[in-house]
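Architecture at a glance
Listed here are the chains, written in short residue letters.
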Amino acid sequence: MSDSTFTLDLNEDQKEIREWIHGFAADVIRPAAAEWDEREETPWPVIQEAAKIGLYSLDFYAQQFFDPTGLGIAMTMEELFWGDAGIALSIVGTGLAAVGVLANGTEEQIGTWVPQMYGDPDDVKVAAFCSSEPDAGSDVAAMRTRAVYDEAKDEWVLNGTKTWATNGGIANIHVVVAVVDPELGSKGHASFIVPPDTPGLSQGQKFKKHGIRASHTAEVVLEDVRVPGSCLLGGKEKLDERLARARERARQGGERVKNAAMATFEASRPAVGAQAVGIARAAYEIALDYAKERVQFGRPIIDNQGVAFQLADMRTRIDAARLLVWRASWMAAAGKPFESAEGSMSKLYAGETAKSVTAQAMQILGGNGYTREYPVERMHRDAAIYTIFEGTSEIQRLVIARTLSGVPIR
Ligand SMILES: Cc1cc2nc3c(=O)[nH]c(=O)nc-3n(C[C@H](O)[C@H](O)[C@H](O)COP(=O)(O)OP(=O)(O)OC[C@H]3O[C@@H](n4cnc5c(N)ncnc54)[C@H](O)[C@@H]3O)c2cc1C
């Protein structure tokens, strides 16, 4: 927490880090983007290169995460995703699982598990955060994966099927959200670490996707997965207290309390918004250059207001999206609660911006924009996930409208 005054000027350290990330995004990520998009595989060599220079490491993300201005993670995401969203998601996907542990774990759990999520530069690892299920996407309360405590052995037994898990099945460590008390709906959920090579956890279907194809997305099947009691994030005592409070509230007719998965998503929304800003900026820059060079009717197409005004709108939206992302990021770092759902606002607006700006960029590139010779069609495919994952745009609007009105809008 800090009293840091809000400023739009990055400090010297931040500028230097941004340049460094931008260099990696321009020299390593962007040139590899088309290949890994076609291969639809995790770009392990690129993750490894990032690890070698310290860009894929717990230290680096912790430093950015705890940046008192709040802008470290936002800046990192924007630059990496400017390079390519699929590869960048493979690099930062582990962070969602890490945030799951940071949001709910004890200091000891954070110290034990988070470093293992990244591995080391000679043997890189990734982690997965598994909340969504086939029948529980937006409706997290419909979750069915069950965690039952075996007191005699001090072990938790997990059973169920998770879906859409980024890095699911290829991860070293899976963070799994499961139901511990079905009577309490989403208040009866808890998060668990599933350590490497735990019997009973397997990868189900790997999805073939529209975009972010370098990022691995799969089902995760849990069959009598036994984890030690110490893998319950936050510990048993805290869970029992939380459940007792939730039962008491339920008896009294119920004030809303946050659940484990929601705590993770809320903390990560501005960061996801920053990823969308990066994609939008990349497509906009390509469209701007193209519009200045492409000649039709004897003059560059940017000479037409119809094209130039589109570019003006694109850039305005991108800057507005970044400001919402930076505001929410700064508020989170300064310990200011999102009383008007500022985190959701940033993700909603940035996600919609990425989708529309990349579509406009394709339009400005004409036929070329529609081909895989130019990167904007890939950027448009990648951008489409930003109105779907980490809470769809409709769910963000629901959160914003409920927060602003106090009315349980459905
Ligand atoms: C590539 C990818 C990666 C992902 N990574 C992860 C991950 O790492 N971990 C993880 O746990 N999950 C992950 N997800 C899951 C993602 O968060 C969900 O897909 C998302 O929450 C939406 O759930 P759903 O797909 O079941 O859609 P549904 O909830 O079925 O929604 C379908 C449509 O109905 C709308 N809708 C639903 N309810 C309402 C309502 N009340 N009001 C208005 N409209 C509504 C939605 O907005 C949407 O348009 C990932 C998904 C994808 C595609």
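Residues numbered from 1 in each chain as written. Predicted model: local features only at pLDDT ≥ 70, side-chain atom pairs only at ≥ 80, totals over all residues. Heavy atoms only, no water.

**Focus on the packing of aromatic side chains**
Our working definition: Any Phe, Tyr or Trp ring, taking Trp's six-membered ring, that has another such ring centre within 6.5 Å forms a pair; planes under 30 degrees apart are called stacked, those over 60 apart edge-to-face, and the others tilted. Only runs of H or I of at least four residues qualify as helices and only runs of E of at least two qualify as strands under DSSP, and these elements are numbered from the N terminus. Burial classes: relative accessible area under 20% of the type maximum marks a residue as buried, over 50% as exposed, and values in between as partly exposed (1.4 Å probe, protein chains only).
For the structure on display, the rule yields 10 aromatic pairs. Judged by centre distance (5.2 Å) and plane angle (85°), the rings of Phe65 and Phe66 are edge-to-face. Between Tyr290 and Tyr374, the ring centres sit 6.0 Å apart and the planes meet at 90°, which makes this aromatic pair edge-to-face. Taken together, the residues Tyr290 in helix α8 (residues 260-293) and Tyr374 in the loop between α11 (366-369) and α12 (376-383) connect sequence positions 84 residues apart. For Tyr374, a relative accessible area of 29% translates into the label partly exposed.

**Re the state of the cysteines**
Formally: The definition used for a disulfide is geometric: two cysteine sulfur atoms within 2.5 Å.
Inspection of the entire model under this criterion finds 0 disulfides. The cysteine Cys130 is free of any disulfide, with Cys231 supplying the nearest cysteine sulfur at 14 Å. For Cys130, a relative accessible area of 0% puts it in the buried group.

**Looking at the nonpolar core**
Burial of nonpolar side chains together is a common tendency in soluble globular proteins. So the rule is basically this: For our purposes a nonpolar core is just a set of buried Ala, Val, Leu, Ile, Met, Phe, Trp, Tyr and Cys residues, chained together by side-chain atoms within 4.5 Å. Residues are treated as being in contact if the distance between any of their heavy atoms lies within 4.5 Å.
In this structure, Val46, Tyr56, Leu80, Phe81, Ile91, Met117 and Phe192 are the most contacted members of the largest nonpolar core, which totals 111 residues. Residues within four places of Val46 in sequence aside, it is in contact with Phe24, Val28, Ile29, Ala32, Trp36, Ile87 and Ile91.

**Some points on the domain arrangement of the chain**
Selection rule: Those domain boundaries reflect an automatic or database domain assignment. Once two parts are joined, some of their accessible surface, as seen by a 1.4 Å probe, is lost; buried area is that loss totalled over both. The rule for a salt bridge is simple: a side-chain nitrogen of Lys or Arg has to be within 4 Å of a carboxyl oxygen of Asp or Glu.
Parsing the chain into structural domains produces domain 1 (12-123), domain 2 (127-252) and domain 3 (260-405). Here domain 1 and domain 2 have C-alpha centroids that lie 24 Å from each other. Taking both partners together, domain 1 and domain 2 bury about 2100 Å²; carbon and sulfur atoms supply 58% of that area. Residue Lys208 pairs with Glu40 through a salt bridge whose shortest N-O separation is 3.8 Å.

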